[in-house]
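# Report on the structure
Given next are the chains, with one letter for each unit.
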Amino acid sequence: MNTILSYLNFRKNISFRQSPFNDCDALLLAALSGLDLSEAVTEKMSLKLAWNKYVGLGSRDKNDDHLRDKEFILKTMADSIRYKNVKITDYTKDINFEEEKTFYGVTFDISPFLRCVAYRGTDGSLLSWKENYSTLYEMPTEGQTEASAYLSKQLTYKNPFKKCYVIGHSKGGNLAVYAAATQPDVYSKKIKTVFSFDSPGFINAIEEKESYGLIKDKIRAFVPVSCVIGNLMNPPYDRFVVNSGGKNLRQHDIFLWELDCTGFSFAPETDEFSKTLSAKMNNWINSIPLEERKNIVEELFSVFSKNDLEHISDLLHLDLKKILGIIMSAARLSPDAKEFIMIVLKEVKNM
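The paragraphs below set out a description of the structure included in this document. Bear in mind that the values here come from a model prediction, so they are computed numbers and not experimental data. (Residues numbered from 1 in each chain as written. Predicted model: local features only at pLDDT ≥ 70, side-chain atom pairs only at ≥ 80, totals over all residues. Heavy atoms only, no water.)

### Brief notes about the overall build of the chain
- Helix and strand content of the chain: 13 helices and 10 strands.
- Taken against the 2.2 N^0.38 rule, which gives 20 Å for 351 residues, the C-alpha radius of gyration of the chain at 20 Å falls within 12% of a compact globule.
- Considered along the principal axes of its C-alpha atoms, the chain spans approximately 60 × 45 × 45 Å.
- Here the chain holds 351 residues, and 57% of them are scored as buried.
- Taking contacts inside the chain between residues at least 6 apart in sequence as the whole, the part at least 24 apart equals 73%.
- As displayed, the chain offers around 15,900 Å² of accessible surface, 50% of which is attributable to carbon and sulfur atoms.
- Each charge class in the chain can be summarised by its mean position, and for the 45 positive and 46 negative side chains these summaries are 6 Å apart. (Helix = DSSP H or I, 4+ residues; strand = E, 2+ residues; numbered from the N terminus. Rg over C-alpha atoms; globule rule 2.2 N^0.38 Å. Buried < 20%, exposed > 50% of the residue type's maximum accessible area, 1.4 Å probe, protein only. Contact = heavy atoms within 4.5 Å. Areas by Shrake-Rupley, 256 points an atom, 1.4 Å probe, with all protein chains shown as cover. Lys, Arg positive; Asp, Glu negative; His and termini not counted. Charge placed at Lys NZ, Arg CZ, Asp CG, Glu CD.)

Right, dumping it as structure tokens:
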């Protein structure tokens, strides 16, 4: 099966002059934004220098299941004709436990006329996952507010011919859409395309914002056949459906999406798993008042903390019996909430 890494190998020696920036390039940058370069990128630099500094530091996120793949992307890009002149700048990593925020933003200057702003999704920590769930009851979140401010900063350039892409996967795509939709007119005009890869929607009708109207036709959104995350809270834009080699919720992993030298492998529509589980999750979300949603999230992650769970990998390595015991110990969770969480966790365990 051809994947994002296959595309990189296919196109690495084909310049942007020969073949312009496309959807798959955007997906590559979304994946690369998930590599923690906070210690390596301290100023504007080439991808080659970023790779050399990253390797020299010897720092690795050992909890990242796709660490080697992301490192391969950076190394291959750095040595390729297509990406060797790309500059990386303004890498921002803002982890704030008090504000319950894990924000990552990075900017890629493709050419003097094209800039790409990318937002990372979850970093795997339970703090980051809790921040994800805060979107069920809060808007804007701390991360959304920072994403908007970060994009504004990247759009302050004066070159009238320079355009900007805004990119993100999962939570990163949610941040990308929110950030683009909250820019003043003078900045919105500089945005060429917003790329959203399997990203959830919003609790409030963002499409009713006047500023959203300025970018709604610029959104290119993609979801896998068994999409669930990208259906949460019913995002208000059309999506392209991509084939994936993963099973069920595992399809959220963009490293399993099918693409080749010509682009994505598209499917006509999402499958029955996607429609059934997405409907269950959205019905459950809509049936619970915002304040109760907040209480459920607070209680659930309090229980995780008491059981010394700090990373999603800690949870995935437990058997379902242990997980059931942890969930049942959450006294304030309603029976419906516990049942819903178990449905989701069973699917995660089957990934």
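Text resumes after the structure shown.
### As for helix α7 (residues 171-181)
- Of all the 11 residues making up α7, 11 are buried; the element is thus mostly covered by neighbouring parts of the structure.
- Those residues of α7 that sit buried are K171, G172, G173, N174, L175, A176, V177, Y178, A179, A180 and A181.

### Overview of the packing of helix α1 (residues 4-11) against helix α4 (residues 67-78)
- Packing of α1 against α4 leaves a shortest axis separation of 11 Å and a crossing angle of 10°. Overall, the two elements α1 and α4 adopt an arrangement that is roughly parallel. Where α1 abuts α4, its residues L5, L8 and N9 lie against D69, F72, I73, T76 and M77.
- Taken together, the residues that form the contact of α1 with α4 break down as five nonpolar, two polar and one charged. (Axes fitted to C-alpha atoms, helices over the stretch in contact; angles between N-to-C directions. Parallel < 35°, antiparallel > 145°, perpendicular 65-115°, else oblique. Nonpolar A, V, L, I, M, F, W, Y, C, P; charged D, E, K, R; others polar.)

### Let's talk about the pattern of salt bridges
- Tallying each qualifying case throughout the model produces 19 salt bridges.
- Note that E100 and K130 form a salt bridge whose closest N and O atoms lie 2.8 Å from each other. Of the two residues, E100 sits in the loop between β2 (87-96) and β3 (101-111) while K130 sits in helix α5 (residues 126-134), which places them 30 residues apart along the sequence.
- Exposure remark for E100: the relative accessible area of 27% places this residue in the partly exposed category.
- Each of the salt bridges in this network shares a partner with another, and the network as a whole consists of K44, D109, R115 and K162. (Salt bridge = Lys/Arg side-chain N within 4 Å of Asp/Glu carboxyl O.)

### Description of the side chain of K162
- Relative to the helices and strands, K162 is located in the loop between α6 (142-154) and β5 (163-169).
- What K162 contacts, discounting residues up to four positions off in sequence, is D109, S111, P112, F113, L114, R115, Y157 and K190.

The quantities given are spatial measurements derived from coordinates; they are silent on function.
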